[in-house]
Amino acid sequence: MRLYIVDAFTSDAFAGNSAGVVLLDSPGDAGWMQSVAAELKHAETAFVEVGGEGPKSLRWFTPETEVDLCGHATLATTHVLGGEQTFTTKSGELRCRAEDGWVSMDFPSDPPRESDDDLSSILPGVSFEYVGRSKHNLFAVVDDASVVRSLAPDLAALRAHWNGRLMVTAPGDVAGIDFVTRFFAPGVGIDEDPVTGSAHCVLAPYWAARLGRVELVGEQASARGGIVRMNLEGDRVLLSGQAVTVASGELHV
């Protein structure tokens, strides 16, 4: 089985978000896939069936659990396979394309809904303009990008709160960047995700409504950092990013 390590949502090696990509000739056992993901220790490892014709089955695992949707590992998978790809996943059919050094992905929009979640124990002293939930994540808005860049959440408190996954966002503070975000997910074994494609399915509809336009550019302000381009088209979000393959080899177990 071929194995690739890819840095996604970046044009530079050792930046963006790293993902494992495993090419399968036939369906993999879920327990085995979980063990591989735990061994590799990337935020997510993608397992894609490349044998046969038609859409390819694609699944994603963190070191602790399977997830329903992962943007950066899908980008990494498309980068490895090249061309146009259609994947069958737990979030439905996803259409992706690698072209001219960029990967575009057609994902479902997931607009946040206002909630009464109290985040004071997770981020003491932080004032929020808006608090809500998407399908799987807590969502919070602050008024200044510098607040996002300096966040130090109580990860134990976050892990104990609902799904243990929180994105915090603010207007951009750099030319050409519409908003900045950080994403914390100790509930699925990821203290901070460097760049989270699926989070932008939540961010795109929120910021499109707020800014009054559907084409957006977001910066995920983690230590590794990354840039995500978005185009909101009805109930779909077209996400785009670059990627770099940093290693390839074989799995022997």
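What you see is a predicted model; the values in this text were computed from it and never measured.

**Q** Which residues make up the state of the cysteines, and what are the values?
**A** Evaluated as defined, the whole model comprises zero disulfides. There is no disulfide at Cys96, and the cysteine sulfur nearest it, in Cys201, is 11 Å away. On the basis of relative accessibility, which here comes to 4%, the residue Cys96 falls in the buried class. Its sulfur unpaired, Cys201 is 11 Å from the next cysteine sulfur, which belongs to Cys70.

**Q** Which residues make up the domain arrangement of the protein chain, and what are the values?
**A** Structurally, the protein chain comprises domain 1 (2-108 + 241-250) and domain 2 (113-233). Here domain 1 and domain 2 have C-alpha centroids that lie 23 Å from each other. Contact with domain 1, which involves 19 residues of that partner, is made by 17 residues of domain 2. Contact between domain 1 and domain 2 buries roughly 1400 Å² in total, counting both sides, with carbon and sulfur atoms accounting for 53%.

**Q** Tell me about the pairing of strand E6 (residues 83-89), and name the residues and values.
**A** Judged from the two bridges that link them, strand E4 (residues 56-61) and E6 form a sheet pairing that is parallel. Its bridge partner being in E6, Lys56 is matched across the sheet by Phe87. Taken together, the seven bridges between E6 and strand E7 (residues 92-99) define a ladder with antiparallel strand orientation. Bridge assignment links Phe87 to a residue of E7, and that residue is Leu94. Between E6 and E7, which follow one another and run antiparallel, lie two residues.

Thresholds applied
- Residues numbered from 1 in each chain as written.
- Predicted model: local features only at pLDDT ≥ 70, side-chain atom pairs only at ≥ 80, totals over all residues.
- Heavy atoms only, no water.
- Disulfide = S-S within 2.5 Å.
- Buried < 20%, exposed > 50% of the residue type's maximum accessible area, 1.4 Å probe, protein only.
- Domains from an automatic or database assignment.
- Contact = heavy atoms within 4.5 Å.
- Buried area = accessible area lost by both parts, 1.4 Å probe.
- Pairing = 2+ DSSP bridges.
- Helix = DSSP H or I, 4+ residues; strand = E, 2+ residues; numbered from the N terminus.

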